[in-house]
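# Results of the structural survey
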Amino acid sequence: MNQDQLKQLVAQAAADYVAAHAPAGCVLGVGTGSTANLFIDALAPIKSRFVGAVSSSEASSRRLESIGIPVLDLNTVSEIPIYVDGADEVDGGLHAIKGGGAALTREKIVAAVAREFVCIADASKKVPVLGKFPLPVEVIPMAREQVARALRALGGEPRWREGVITDNGNVILDVHGLAIVDPVALESEIDHITGVVTSGLFARRRVDLLLIGGPDGVERLSRT
């Protein structure tokens, strides 16, 4: 199977998981990206199970609405039983790098509210050490160069993702050259840099269930 077929396989597995484990009438959390798009499409046959969804991006919101799932403001929602999203990299401890689609801040917010974070990815995203994929950092525009200097001091090579403005009106620095052996510590260190909104490290709030699509089917890795 090629990468697109693997993404389709794992997206359907996530829809099946949600159908089996999400309470009827609940609000679902939905992420952003190519695999998340396929997951949204796979929700169409079971959309009546949900009163709505909270989305991590404007693009996902439009896709959810196109299949008939109402998109709700997170401020009106008290509970999200399951949040489903992709990742750019995931390690064996279920820490992840996200943000290739520039939606990392909203993704982190929804993941923080959800009881369970289900990550869906093809096998190429599973790595022994995070960092080969450049770490996205969302930054207040006026602080871009100040934050870049601080990231260089941490050993990274930040590059401005020119022409990209997040849904929150901010910019992205992609940090190359990192080998992230302590994701929790690095997440905390970056998040304390003045001008940083958040980093794409999902380490303090890591993945609960990883569904990996490979040539032999879908592998499940869980924290429990």
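Refer to the structure above for everything that follows.
Below is a short write-up of the structure. (Residues numbered from 1 in each chain as written. Predicted model: local features only at pLDDT ≥ 70, side-chain atom pairs only at ≥ 80, totals over all residues. Heavy atoms only, no water.)

## Here we look at the nonpolar core
As a reminder of what qualifies: Among buried residues, those of type Ala, Val, Leu, Ile, Met, Phe, Trp, Tyr and Cys that are joined through side-chain atoms within 4.5 Å constitute a nonpolar core. Exposure classes here rest on a 1.4 Å probe applied to the protein chains alone. A residue is buried below 20% of its type maximum, exposed above 50%, and partly exposed in between. Helix numbering and strand numbering both begin at the N terminus, where a helix is a DSSP run of H or I of at least 4 residues and a strand a DSSP run of E of at least 2. In this description, contact between two residues means that some pair of their heavy atoms is separated by no more than 4.5 Å.
Ranked by size, the top nonpolar core spans 28 residues in total, and within it Phe39, Leu43 and Phe50 carry the most contacts. Elements with a minimum of two residues in this core: α1 (3–21), β1 (26–30), α2 (34–43), β2 (50–55), β3 (80–85), β6 (114–122) and β12 (209–214). Tallying contributions element by element places α1 first for this core, with 7 residues. Aside from chain neighbours lying at most four places away, what touches Phe50 is Val18, Ala22, Cys26, Leu28, Leu43 and Ile69. Among the nonpolar cores identified, the runner-up in size contains 20 residues, and Val127, Val139, Ile180 and Leu201 belong to it.

## Notes on the packing of aromatic side chains
Using the following cut-off: Any two rings among Phe, Tyr and Trp, with Trp reduced to its six-membered ring, count as a pair given centres within 6.5 Å; such a pair is stacked if its planes are under 30 degrees apart, edge-to-face if over 60, and tilted if neither. Look at NZ for Lys and CZ for Arg. If either is within 6 Å of the ring centre and within 35 degrees of the ring normal, a charge sits over the ring.
By the definition in use, this model includes 2 aromatic pairs. Within the aromatic cluster, the residues linked to one another by ring pairs are Tyr83, Phe117 and Phe202. If you follow Lys108 out to its NZ or CZ, it ends over the ring of Phe202, 5.6 Å from the centre. The side chain of Arg144 reaches across the aromatic face of Trp160, ending 3.7 Å from its centre.

## With respect to the sheet that holds strand β13 (residues 217–222)
Put simply, the test is: The criterion for strand pairing is that DSSP finds at least two bridges linking the strands in question. Here the axes come from fitting lines to C-alpha atoms, over the contacting stretch only for helices, and the angles between their N-to-C directions go from 0 to 180 degrees.
The 6 strands lie next to each other as β2-β1-β3-β6-β12-β13, forming an open sheet whose pairing is mixed. Of all the strands in the sheet, the pair left with one neighbour each is β2 and β13. Strand-to-strand twist across the sheet, computed as the mean angle between neighbouring axes with direction ignored, equals 20°. Pairing of β1 with β3, which is carried by 2 bridges, proceeds in the parallel orientation. Looking at the pairing, Val30 lines up with Val84 of β3.

## Let's talk about the pairing of β12
Counting buried positions along β12 yields 6 of 6 residues, so the element is predominantly enclosed. Burial of β12 is two-sided: the residues Leu209, Leu211 and Gly213 facing one way and the residues Leu210, Ile212 and Gly214 facing the other way are all buried. Pairing between β6 and β12: 5 bridges, direction parallel. Opposite Ala121, over in β12, you have Ile212 as the bridge partner. Where β12 meets β13, 6 bridges bridge the pair, whose relative direction is antiparallel.

## A look at the pattern of salt bridges
Opposite charge on two side chains permits pairing when their charged atoms draw close. Threshold: Here a salt bridge means any side-chain nitrogen of Lys or Arg lying within 4 Å of a carboxyl oxygen belonging to Asp or Glu.
Following the criterion strictly, the structure yields 15 salt bridges and no others. The residue Glu187 makes a salt bridge to Arg204 at a minimum N-O spacing of 3.9 Å. Of this pair, Glu187 sits in helix α6 (residues 183–191) while Arg204 sits in the loop between β11 (201–202) and β12, and the two are 17 residues apart along the sequence. The exposure class assigned to Arg204 is partly exposed, which follows from its relative accessible area of 48%. Residue Arg204 pairs with Asp191 through a salt bridge whose shortest N-O separation is 3.1 Å. Placement of Arg204 in the loop between β11 and β12 and of Asp191 in helix α6 is noted, with a sequence separation of 13 residues between them.

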